Amino acid sequence: MDAQSYLPVQPGVGMEENFLSLDDILLSHERLPIRTECVFPRLGFLEKSSDSQDIPEGTKMELPLWLSKGLYERKRRVLSVELPKVYREGWRTVFNADPNVVDLHKMGPYYYGLGSQMLHFDSPENPEIGQTLLQTFIGRFRRTMDSSQNAYNEDTSALVERLDCLEKTLFKSGQSGLNGFQSWEKGQASHLTASSLVLNYRKRKMTDVQP
């Protein structure tokens, strides 16, 4: 396949989702702890710990994010979603104290994305969750970008293994900019080339005008 014929689709921002993004597809399969608020008829096979044909009201189980969002209704209580532990008050206190000490990848590779999606569900803690997400990102951003700028031609696996997926994307962008600058400084970037976006646009335009 032509390397320029595929452009990675960026994930959505905040509570929005991009269903053409692989990151958002993987995020949508993150499992959430839920409690059923009514009987789910003939869905007992989803709950492996029960032999019942139905899922009774009050059952605690885990469902993927996409299904939880689809079943959740504010007016008709079908299910209630519990906060994953990383977004609860205890962990919010840790993040507010020093977000850089936390291994976000271990806590969940989509910390920012899943946290933003949790705001879809009514919770009195939503303002605190949103504020913690913002402050955590701000608190870790400078260190992430500084690390990307000081790791030229080095093994960065130890640096990035503690990062959330969004932070890894930022880290790669920082390294890409650094490598481009180093190449320019060494005189290895004297020939300007069109970006893949421009080339792909020209190809599509030529196809449109061809009889």
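Use the structure listed above.
These numbers come from a predicted model, not from an experiment.

J.: Residues and numbers for the overall build of the protein chain, please.
T.: From N to C terminus, the protein chain includes nine helices and three strands. When the helices and strands of the protein chain are placed in sequence order, the string is α-β-β-α-β-α-α-α-α-α-α-α. Across the 211 residues in the protein chain, those meeting the buried criterion constitute 31%. A fraction of 64% describes how many contacts in the protein chain between residues 6 or more apart in sequence connect residues 24 or more apart. Summed over all atoms, the accessible surface of the protein chain reaches about 14100 Å², with 56% contributed by carbon and sulfur.

J.: Tell me about the pattern of salt bridges, residues and numbers included.
T.: Between side chains of opposite charge, pairing is possible as soon as their charged atoms come close. Inspection of every chain in the model, using the stated rule, returns seven salt bridges. Salt-bridge contacts for Arg31 lead to Glu62; the nearest nitrogen and oxygen are separated by 3.6 Å. One end of the pair, Arg31, is in strand β1 (residues 31-36); the other, Glu62, is in strand β2 (residues 60-64), with 31 residues separating them in the sequence. For Arg142, the salt bridge is made with Asp146, and the minimal N-O distance between the two is 3.8 Å.

J.: Describe the packing of helix α3 (residues 89-97) against helix α6 (residues 126-149), with residues and values.
T.: Angle between the axes and distance between the axes are the two parameters that describe a pair of packed helices. Running from amino to carboxyl end, α3 crosses α6 at an angle of 30°, the nearest separation of the two axes being 9 Å. Taken together, the axes of α3 and α6 are roughly parallel relative to one another. Crossing geometry of α3 relative to α6 is assigned as left-handed. Taken together, the residues of α6 that come into contact with α3 (itself represented by Arg92, Phe95 and Asn96) are Glu128, Ile129, Thr132 and Thr136. When grouped by side-chain class, the residues that make up the contact of α3 with α6 number two nonpolar, three polar and two charged.

J.: Please set out the pairing of β1 residue by residue, giving values where relevant.
T.: Sheet topology note: the β1/β2 ladder contains five bridges and is antiparallel. Across the sheet, the residue bridging to Pro33 is Glu62, located in β2. Pairing geometry for β1 and strand β3 (residues 79-81), over three bridges, is antiparallel. In the strand pairing of β3, Thr36 is matched with Leu79.

J.: So what about the sheet that holds β3? Which residues, and what values?
T.: The antiparallel open sheet is built from three strands, whose spatial order is β2-β1-β3. Unpaired on one side and paired on the other, β2 and β3 mark the two borders of the sheet. Averaged over neighbouring strand pairs, the angle between their axes works out to 45° when direction is ignored.

J.: How would you summarise the environment of Glu73 if you had to cite specific residues and measurements?
T.: Topologically, Glu73 is positioned in the loop between α2 (65-71) and β3. The spacing of Glu73 and Phe121 is 48 residues in sequence and 8.8 Å in space, taken between C-alpha atoms.

Scoring rules and cut-offs
- Residues numbered from 1 in each chain as written.
- Predicted model: local features only at pLDDT ≥ 70, side-chain atom pairs only at ≥ 80, totals over all residues.
- Heavy atoms only, no water.
- Helix = DSSP H or I, 4+ residues; strand = E, 2+ residues; numbered from the N terminus.
- Buried < 20%, exposed > 50% of the residue type's maximum accessible area, 1.4 Å probe, protein only.
- Contact = heavy atoms within 4.5 Å.
- Areas by Shrake-Rupley, 256 points an atom, 1.4 Å probe, with all protein chains shown as cover.
- Salt bridge = Lys/Arg side-chain N within 4 Å of Asp/Glu carboxyl O.
- Axes fitted to C-alpha atoms, helices over the stretch in contact; angles between N-to-C directions.
- Parallel < 35°, antiparallel > 145°, perpendicular 65-115°, else oblique.
- Left-handed = near helix turned anticlockwise from the far one by under 90°.
- Nonpolar A, V, L, I, M, F, W, Y, C, P; charged D, E, K, R; others polar.
- Pairing = 2+ DSSP bridges.

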